[in-house]
Amino acid sequence: MPNLSTPAIWCPGQTNEDVQEEIDLMMVRAKYTSAFLKGEIHADTFLDFLNEAGFNVFDLAESWGLGDDTTS
């Protein structure tokens, strides 16, 4: 299994609490991604998680390069 990077977002002027919150969010994203890739959660659960985390899943799919030849 490849080692996947799930970045935390840091902006100048953030408080220690803000940085810790970003690290916590990074860890949750990494756990969900790992669970999805291992087949421990279904694709719809993973997509729901991403949507609830504020990501546009359609934009993500476009960024991932999924095309018409992709099967479910």
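As the structure is a prediction and not an experimental result, all values here were calculated from the model.

A. Quick peek at the overall build of the protein. The helix and strand tally for the protein stands at three helices and zero strands. Ordered by position from the N terminus, the helices and strands of the protein form the series α-α-α. Residues classed as buried in the protein amount to 15% of the 72 residues present. A separation of at least 24 residues holds for 18% of the contacts in the protein among residues at least 6 apart in sequence.

B. Examining the nonpolar core more closely. Phe46, Phe49, Leu50, Val57 and Leu60 form the largest nonpolar core, which has five residues in total. Going through the elements one at a time, α2 (43–52) and α3 (57–63) are the ones with two or more residues in this core.

C. Up close: helix α1 (residues 16–37). A rise of 1.5 Å per residue sets the reference length of α1, with its 22 residues, at 32 Å; its end C-alpha atoms lie 32 Å apart and thus fit the reference within 8%. Among the residues of α1, those classed as buried are Glu22, Met26, Arg29, Thr33 and Ala35. Just downstream of α1, glycine 39 is the residue with a positive phi angle, here 80 degrees.

D. Up close: the environment of phenylalanine 58. As for its placement among the helices and strands, phenylalanine 58 is situated in helix α3. Sequence separation between phenylalanine 58 and leucine 47 is eleven residues, and the spatial gap between their C-alpha atoms is 9.8 Å.

E. Seen up close, the packing of α1 against α2. Close contact between α1 and α2 brings their axes to 10 Å; oriented N to C, the two are set at 165 degrees. The pairing of α1 with α2 is recorded here as roughly antiparallel in orientation. By crossing handedness, the relation of α1 to α2 is classed as left-handed. Of the residues in α2, those touching α1 at Val28, Arg29, Tyr32, Thr33 and Phe36 are Ala43, Phe46 and Phe49. Tallied by class, the residues present in the contact of α1 with α2 amount to six nonpolar, one polar and one charged.

Rules used in this analysis
- Residues numbered from 1 in each chain as written.
- Predicted model: local features only at pLDDT ≥ 70, side-chain atom pairs only at ≥ 80, totals over all residues.
- Heavy atoms only, no water.
- Helix = DSSP H or I, 4+ residues; strand = E, 2+ residues; numbered from the N terminus.
- Buried < 20%, exposed > 50% of the residue type's maximum accessible area, 1.4 Å probe, protein only.
- Contact = heavy atoms within 4.5 Å.
- Core = buried A, V, L, I, M, F, W, Y, C linked by side-chain atoms within 4.5 Å.
- Expected span 1.5 Å × (residues − 1).
- Axes fitted to C-alpha atoms, helices over the stretch in contact; angles between N-to-C directions.
- Parallel < 35°, antiparallel > 145°, perpendicular 65-115°, else oblique.
- Left-handed = near helix turned anticlockwise from the far one by under 90°.
- Nonpolar A, V, L, I, M, F, W, Y, C, P; charged D, E, K, R; others polar.

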